[in-house]
Amino acid sequence: MKKDIVQLVIAFFTLVFGGAAEELAPKTLGVGLPVLLSAAVYFARRRTPLVGMLFAVAAGAAEDALSGLPYALSVSYFAAVAGLMRGFKLSVGFAVPAYCLYQVWLWIWLGQSLVGGVFLRMLMALPVGVAVLAATHAALYWIDRKAAVDEK
Amino acid sequence: MKATTTGTLAVIAVAMVAVLLVAFFRATPVELAYPVEQAKVTWARRLAARWTGLWHGVDASVENARLRREIASLEMVRGELAGLEEENARLRRDLRFTEREPNRWECAEVLSEGGGAAGARRSIRLNKGSLAGIREGAVVAVPEGLVGQVVAVTPHTSEVLLVTDPSLQVACTVEGSERIRGILSGGTDDVLLMRHLKAGAEIAPESRVLTSGLGGVFPAGIPVGTFISEGNGRDAAGRHAGGLEREGKVRPAVDFTLLEDVFIRR
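None of the values given here were measured: they were computed from a predicted structure.

Peer 1: Would you take a moment to explain the overall build of chain A for this structure?
Peer 2: For chain A, the count of helices and strands is six helices and zero strands. Listing every helix and strand of chain A by position from the N terminus yields α-α-α-α-α-α. Radius of gyration (C-alpha) of chain A: 15 Å, near the 15 Å computed for a compact globule of 152 residues. Principal-axis analysis of the C-alpha atoms places the extent of chain A at approximately 50 × 30 × 25 Å.

Peer 1: Please explain the domain arrangement of chain B as it appears in this structure.
Peer 2: Where interface size is quoted, it is often the accessible area lost as the parts come together. Residues and elements named next belong to chain B. Looking at chain B, the domain boundaries give domain 1 (1-100) and domain 2 (104-266). Taken together, the contacts link eight residues of domain 1 with twelve residues of domain 2. Summing both partners gives a buried area of about 960 Å² for domain 1 against domain 2, and 52% of it is carried by carbon and sulfur. At the boundary of domain 1 and domain 2, one finds three salt bridges. Glu-109 is paired through a salt bridge with Arg-45; the nearest N and O atoms lie 3.1 Å apart. Of the residues contributing to the side of domain 1 that touches domain 2, the split by class is four nonpolar, one polar and three charged.

Peer 1: Explanation requested: the packing of aromatic side chains in the structure shown.
Peer 2: What describes a pair of aromatic rings is the distance from one ring centre to the other and the angle between the planes of the rings. For the structure shown, the criterion picks out nine aromatic pairs over all chains. Summarising the aromatic geometry, the rings of Tyr-77 of chain A and Tyr-102 of chain A are spaced 5.2 Å apart at their centres and angled 40° between planes, so their arrangement reads as tilted. Here the residue Tyr-77 of chain A occupies a position in helix α4 (residues 73-87), and Tyr-102 of chain A occupies one in helix α5 (residues 95-110), the gap between them amounting to 25 residues. Just as Tyr-77 of chain A is buried, Tyr-102 of chain A falls in that class too. Members of the aromatic cluster, connected to one another through ring pairs, are Tyr-77, Phe-78, Tyr-99, Tyr-102, Trp-105 and Trp-109 of chain A. Sitting over the face of the ring of Phe-43 of chain A, Arg-47 of chain A holds its NZ or CZ atom 4.6 Å from the ring centroid. Taking the ring centre of Trp-43 of chain B as reference, the NZ or CZ of Arg-46 of chain B above it sits at 5.1 Å.

Peer 1: Explain the packing of helix α3 (residues 49-67) of chain A against α4 of chain A here, please?
Peer 2: How two helices pack is summed up by the angle between their axes together with the distance between the axes. Residues and elements named next belong to chain A. Relative orientation of the contacting elements α3 and α4 amounts to 155°, with a least axis distance of 7 Å. Considering the angle they form, α3 stands roughly antiparallel to α4. Considering only the axes of α3 and α4, their crossing is right-handed. Where α3 approaches α4, its residues Pro-49, Gly-52, Met-53, Ala-56, Val-57, Ala-59, Gly-60, Ala-61, Glu-63 and Asp-64 are matched on the opposing element by Leu-73, Ser-74, Val-75, Phe-78, Ala-79, Ala-82, Gly-83 and Arg-86. Residues of the contact of α3 with α4, tallied by class, amount to eleven nonpolar, four polar and three charged.

Peer 1: Any chance you could explain the sheet that holds strand β2 (residues 123-126) of chain B here in plain terms?
Peer 2: Strand pairing in a sheet relies on backbone hydrogen bonds, with the paired strands running either antiparallel or parallel. Residues and elements named next belong to chain B. The antiparallel closed barrel is built from six strands, whose spatial order is β1-β2-β5-β4-β3-β12. Neighbour-to-neighbour, the strand axes of the sheet open up by a mean angle of 45°, direction not taken into account. Of the pairings in the sheet, the one linking strand β3 (residues 139-142) to strand β4 (residues 145-153) comprises four bridges and is antiparallel in character. Paired with Val-140 across the two strands is Gly-148, which belongs to β4.

Peer 1: Sorry, what's going on with the interface of chain B and chain A here?
Peer 2: Each side of the interface is counted separately: chain B has 26 residues, and chain A has 36 residues. Buried surface at the junction of chain B and chain A, both sides included, amounts to about 2,400 Å², of which 62% is carbon and sulfur. Inspection of the chain B/chain A interface yields one salt bridge. Note that Arg-125 of chain B and Glu-23 of chain A form a salt bridge whose closest N and O atoms lie 2.4 Å from each other. Counting the contacts that link chain B with chain A gives four residue pairs in polar contact (both at pLDDT 80 or more).

Peer 1: What exactly am I supposed to notice about unusual backbone geometry here?
Peer 2: Despite not being glycine, Lys-89 of chain A shows a phi value in the positive range, around 50°. As for its placement among the helices and strands, Lys-89 of chain A is situated in the loop between α4 and α5. Lys-89 of chain A sits in the exposed class, given a relative accessible area of 66%. One non-glycine residue with positive phi stands out, namely Glu-206 of chain B, at about 70°.

Peer 1: Help me understand α4 of chain A in this model?
Peer 2: Think of an α-helix as turning once every 3.6 residues; residues three or four places apart then point the same way. All names here are of chain A. Given a rise of 1.5 Å per residue, 15 residues ought to cover 21 Å, and the 21 Å separating the end C-alpha atoms of α4 matches this to within 8%. Regarding α4, the residues found buried are Leu-73, Ser-74, Val-75, Tyr-77, Phe-78, Ala-79, Val-81, Ala-82 and Met-85. Contacts from the buried residues of α4 go to α2 (35-46), α3 and α5. Immediately beyond the C-terminal end of α4, within one or two residues, lies Lys-89, with a positive phi of roughly 50°.

Peer 1: How should helix α1 (residues 2-24) of chain A be read in this particular structure?
Peer 2: If you check α1 of chain A, its first and last C-alpha atoms are 33 Å apart, about what 23 residues at 1.5 Å a residue would give, namely 33 Å. For α1 of chain A, the full list of buried residues reads Gln-7, Ile-10, Ala-11, Thr-14, Val-16, Gly-18, Gly-19, Ala-20, Glu-22 and Glu-23 of chain A.

Peer 1: Can you help me understand the nonpolar core in this one?
Peer 2: Across soluble globular proteins, nonpolar side chains have a tendency to be buried as a group. One finds Phe-43, Phe-55, Leu-69, Phe-78, Tyr-99, Tyr-102 and Leu-106 of chain A to be the most contacted residues of the largest nonpolar core, which totals 45 residues. Of all the secondary structure elements, the ones that give two or more residues to this core are α1, α2, α3, α4, α5 and α6 (118-147) of chain A together with α1 (2-55) of chain B. Of all the elements, α2 of chain A adds the most residues to this core, at nine residues. Beyond its immediate sequence surroundings of up to four residues, Phe-55 of chain A is in contact with Ala-11, Thr-14, Leu-15, Leu-36, Ala-39, Ala-40 and Phe-43 of chain A. Ranked by size, the runner-up nonpolar core spans 40 residues in total, among them Val-140, Leu-161, Val-170 and Val-209 of chain B.

Rules used in this analysis
Residues numbered from 1 in each chain as written. Chains lettered and ligands numbered in written order. Predicted model: local features only at pLDDT ≥ 70, side-chain atom pairs only at ≥ 80, totals over all residues. Heavy atoms only, no water. Helix = DSSP H or I, 4+ residues; strand = E, 2+ residues; numbered from the N terminus. Rg over C-alpha atoms; globule rule 2.2 N^0.38 Å. Domains from an automatic or database assignment. Contact = heavy atoms within 4.5 Å. Buried area = accessible area lost by both parts, 1.4 Å probe. Salt bridge = Lys/Arg side-chain N within 4 Å of Asp/Glu carboxyl O. Nonpolar A, V, L, I, M, F, W, Y, C, P; charged D, E, K, R; others polar. Phe/Tyr/Trp six-rings, centres within 6.5 Å; stacked < 30°, edge-to-face > 60°. Buried < 20%, exposed > 50% of the residue type's maximum accessible area, 1.4 Å probe, protein only. Lys NZ or Arg CZ within 6 Å of the ring centre and 35° of its normal. Axes fitted to C-alpha atoms, helices over the stretch in contact; angles between N-to-C directions. Parallel < 35°, antiparallel > 145°, perpendicular 65-115°, else oblique. Left-handed = near helix turned anticlockwise from the far one by under 90°. Pairing = 2+ DSSP bridges. Polar contact = N/O pair within 3.5 Å; in protein donor to acceptor, adjacent residues only side chain to side chain. Expected span 1.5 Å × (residues − 1). Core = buried A, V, L, I, M, F, W, Y, C linked by side-chain atoms within 4.5 Å.

As C-alpha cells, then:
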C-alpha cells in the first residue's frame, strides 16, 4: 500500500515538473524537451503494465493540454509507444525514434499549421531526444532507488 | 418508446459527463504546472532586479524618480481622458450613434513560450486566466503592436496564439493614401505574409500595417508591422496568385523573444 502511494506521488510530481519543464524550455524549430514522453517510456519499462499504460495516458493528456493539441492526439501516441515497449520488450532507447516519429504524427494531424518543417523537426528531435531521455531516466532511476520502489 | 427515451437520455448524460471530464482534465495539467512557472518567472525577475540594483544602484534610483514623475503626469492625462470619454459617450448618445465598448486592457506576465514539447504552434502562456476575466478570443497587444489572440484559458493562465503562427489570420490595412486591405498571417519566424492585396495598388516600402477592424475580432488601428516588399506572387500552397491578387511581406512590429509583460483586451 505504502509502495503504491509512493509510486503515485512520484508519478504525480513527474507530471507536474515534467510539464513545467516542457513549458519553460526554449524551443528550437518548435521542438521542445520531451520530458513527459521519456517519463512515459521509463514508466512503461519499470512499472507494471497497468501503471505504465495509465501513466502514458496521463502524460499524453498533459502533453495535449500544454501544447494546445486536439484531444487524444498525444494520448493515443504515448499509449501506443508504451504498448509497443511492453509488447515487444523494447529498450528505453526506443524513446528517441519515438520522439522523431512523434513529429511525423503531429505533421499528419496538423499539416501546414505545424511550426517548422517536419524533416528539420525530426533532425532536431534526435539530439534533444537523446539528451532528455538520458537526463529523465537518470533522475527517475535515482528517485526510484531512493524511494525503494524500483520493480526491476 | 420509453426504453428509447431512457437510452437517449443516458447517451446525452454520458456525453455531458465526458465533456465535463475532458474540460476538467484539460485545464488540470496547465494549472498544476502554473505555480512552478510563476515561481520561476518571479524569481528570475527578482534576481535580475537585484543584479541590476547591485551594479546600477544610483542610475536605478534616478530612473525610479523619473518614472514616478512620468506616472504622475500620466495619471493627470488619464483623468483628462476620463472626462473626454464621458463627454464623447454623451455626445454619441445625443447623436444616437451606436454605443461603443471602451477598451479595457489587463496587464499580464509572460510565463513561458508555452506549447509543451510538441511546440506545434507559436504561442506564449500568460499568468492571467478566467479568474481575472480573460476569455477565449481576447486580443493581446503591447505598446509596440499586436501580439496575438487568446486561444485557451484556465483559471490562472491563458494561452496566446502569436500573430506569427500560420493559423492566425488578421484583417489589416496598409497605411497610406489608398488604405489597401489584406489578410495577414504567419510566415517564417521573422516575416509575416499579407495576402489578398488589391492588384495594381501602389504600396510604399516601410508603410505601416495596422489592424483594419474588419471581422470584429481585432479592434482597428493596432500596429502589426511594416510592409517590406511584394511577395513572389504565390499563395501558401505554392500556386500562382494570378493577376487579380498579390501578397506582400511584413516585418512584425513586436520582437516576440523579448516579451515580458503584455496587455489583454477584456
